[in-house]
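The residues making up each chain are set out below.
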Amino acid sequence: MIETAQAFGIDIGGSGIKAAPVDLERGDFAVPRLKVHTPERSTPKALAKIVRQAVERFEVPEGAPIGIAFPAPVRPGRPLDFMANLDKSWIGLDVTEVFSRACGRPVTVVNDADAAGLAEQRYGAAKGQGGLVVATTLGTGIGTALIYDGVLIPNTELGHIELAKGKGEAEKYAASSVRDKKSLGYRKWAKRLTKYYGLLEKYLNPDLFVVGGGVSRMSEKFLPYIDVHTPIVPAKLRNQAGIVGAAYYATSKLV
Ligand code: BGC
């Protein structure tokens, strides 16, 4: 099923879990992806089962790299100490070990926004960009990836920074899920995003912002209204970036 120059990618999100074999030359799915809803109780047991079934369903051969994008800071060999949008029973577990055991082989786990950012740097909107790229994903939460001259600084959690004037945590104020829940129009939402990206700009001075997540396919509705000085562009791989980036990251870990 999987050929050379392919790896298997899985993206675990707050609302959906997506998986596909990835063609690493093109940075695209080799065959159409599989998508299932994230179960209400997104426990380690429930997600491990879905991941195993996806690997079986695509008949991923032994030895083919498997990369999993996960919505929390991931440090292999160390217990997870923070979880915002999946079941809290993940805390204390080594995520890489949980999924490796479920698949019966070693897998590579990477933070979902880091995976997406790497994919954009390698294949998408930040291709060839030097200096500091701040890639963000707007979804259930807000994920961030910092990439400097092509090198990832992993596990930044800048979706949780506090905004000024009692507005609270950025992802609770400006994530795409907040726009849905509060039925905010795109322009109103863009005002909230301006506060967020303005703060990132002030403290990080990036050369480029990349805006990803499923909502990036509607970028013309809100991106022009985000008022910052830094160039800001939509992700090219859109919400494929997590899968592609996880697969790419898994192969880069083999060398
Ligand atoms: C998590 C991050 C994740 C982001 C996007 C945040 O709530 O803390 O680790 O990258 O959501 O899923």
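The numbering scheme is per chain: residues are counted from 1 as the chain's sequence reads. Totals for whole chains, interfaces and linings use all residues, but because this is a predicted model, local features are given only for residues with pLDDT of at least 70 and pairs of side-chain atoms are given and counted only at 80 or more. For side-chain calculations, the full set of non-hydrogen atoms in the structure is used, while hydrogens and water are omitted.

*Asks:* Even after reading the chapter, I still don't get the overall build of the chain, so can you show me in this structure?
*Replies:* Helix and strand definitions here come from DSSP, where helices need a minimum of 4 consecutive H or I residues and strands a minimum of 2 consecutive E residues; each element is numbered from the N-terminal end. Secondary structure summary: the chain contains 8 helices and 13 strands in total. C-alpha atoms define the radius of gyration in this analysis, and the globule rule sets the expected value at 2.2 Å times the number of residues to the power 0.38. Computed over C-alpha atoms, the radius of gyration of the chain comes to 17 Å, within 12% of the 18 Å expected from 2.2 N^0.38 for 255 residues, which places it in the range of a compact globule. Taking the principal axes of the C-alpha coordinates as reference, the chain spans close to 50 × 40 × 30 Å. Here, residues are in contact when the closest pair of their heavy atoms is within 4.5 Å. Taking as baseline every contact in the chain between residues at least 6 positions apart, the subset at least 24 positions apart corresponds to 61%. For the chain, the exposed area adds up to about 11,900 Å²; of that, 51% sits on carbon and sulfur atoms. By the counting scheme adopted, Arg and Lys are positive, Glu and Asp are negative, and His together with the chain ends is not counted. Here the site of a charge means NZ on Lys, CZ on Arg, CG on Asp, or CD on Glu. Once the 33 positive and 26 negative side-chain charges of the chain are each reduced to a mean point, those two points are 7 Å apart. Here the accessible surface of atoms and residues is derived via Shrake-Rupley with a 1.4 Å probe, and residues count as covered only by protein chains that are part of the display.

*Asks:* Explain the packing of aromatic side chains here, please?
*Replies:* Each pair of aromatic rings taken from Phe, Tyr and Trp, with Trp reduced to its six-membered ring, is defined by centres within 6.5 Å and is described as stacked if the planes are under 30 degrees apart, edge-to-face if over 60, and tilted in the remaining cases. Considering all chains together, one arrives at 10 aromatic pairs under this definition. An angle of 40° between the planes, with centres 5.4 Å apart, marks the rings of Trp-90 and Phe-99 as tilted. With respect to class, Trp-90 is no different from Phe-99; both count as buried. By way of ring pairs, the aromatic residues Phe-70, Trp-90 and Phe-99 are connected into one cluster. For a Lys NZ or an Arg CZ to count as sitting over a ring, it must be within 6 Å of the ring centre and within 35 degrees of the ring normal. Across from the ring centre of Tyr-173, 4.2 Å away, lies the NZ or CZ of Arg-192, which sits over that ring. Residue burial is assigned from relative accessible area. The probe radius is 1.4 Å, only protein chains are included, and a residue is buried under 20% of its type maximum, exposed over 50%, and partly exposed in between.

*Asks:* Whenever I open this one, the sheet that holds strand E13 (residues 232–234) confuses me. Can you help?
*Replies:* The strands making up a sheet are joined through hydrogen bonds of the backbone, oriented either antiparallel or parallel. Spatially, 5 strands are ordered E9-E8-E7-E12-E13 in an open sheet, and the strand pairing comes out mixed. The open sheet has two edge strands with one neighbour each: strand E9 (151–153) and E13. Sheet twist, expressed as the mean angle between neighbouring strand axes with direction ignored, is 25°. Sheet analysis places strand E7 (residues 132–138) next to strand E12 (residues 208–212), joined by 5 bridges and oriented parallel. Pairing of Thr-137 across the sheet is with Gly-212, part of E12. The pairing criterion is simple: DSSP has to find at least two bridges between the two strands. Lines are fitted to the C-alpha atoms to define the axes, a helix being fitted only along its stretch in contact, and any angle between axes, read from their N-to-C directions, falls within 0 to 180 degrees.

*Asks:* Help me understand the nonpolar core, please; the structure alone is not making it clear to me.
*Replies:* In this description, a nonpolar core means a group of buried Ala, Val, Leu, Ile, Met, Phe, Trp, Tyr and Cys residues linked to one another through side-chain atoms lying within 4.5 Å. Membership of the largest hydrophobic core comes to 31 residues, with the highest contact counts inside it found for Phe-8, Ile-10, Ile-12, Ile-68, Phe-70, Trp-90 and Phe-99. The element contributing the most residues to this core is helix H1 (residues 44–57), with 6 residues. With residues up to four places along the chain from it excluded, the contact list for Trp-90 reads Ser-42, Thr-43, Pro-44, Leu-47, Phe-70, Leu-80, Met-83, Val-95, Val-98 and Phe-99. Within the second largest apolar cluster, 29 residues are counted, among which are Leu-146, Ala-174, Val-178 and Leu-193.

*Asks:* Teacher, can you tell me more about the environment of Ala-241 here?
*Replies:* The residue Ala-241 is located in helix H8 (residues 241–252) in this model. Relative accessible area serves as the criterion here: at 2%, Ala-241 is assigned to the buried category. Separated by 172 residues in the primary sequence, Ala-241 and Ala-69 place their C-alpha atoms 9.8 Å from one another. Filtering out sequence-adjacent residues up to four positions away, Ala-241 remains in contact with Ala-115, Ala-116, Ala-119 and Glu-120.

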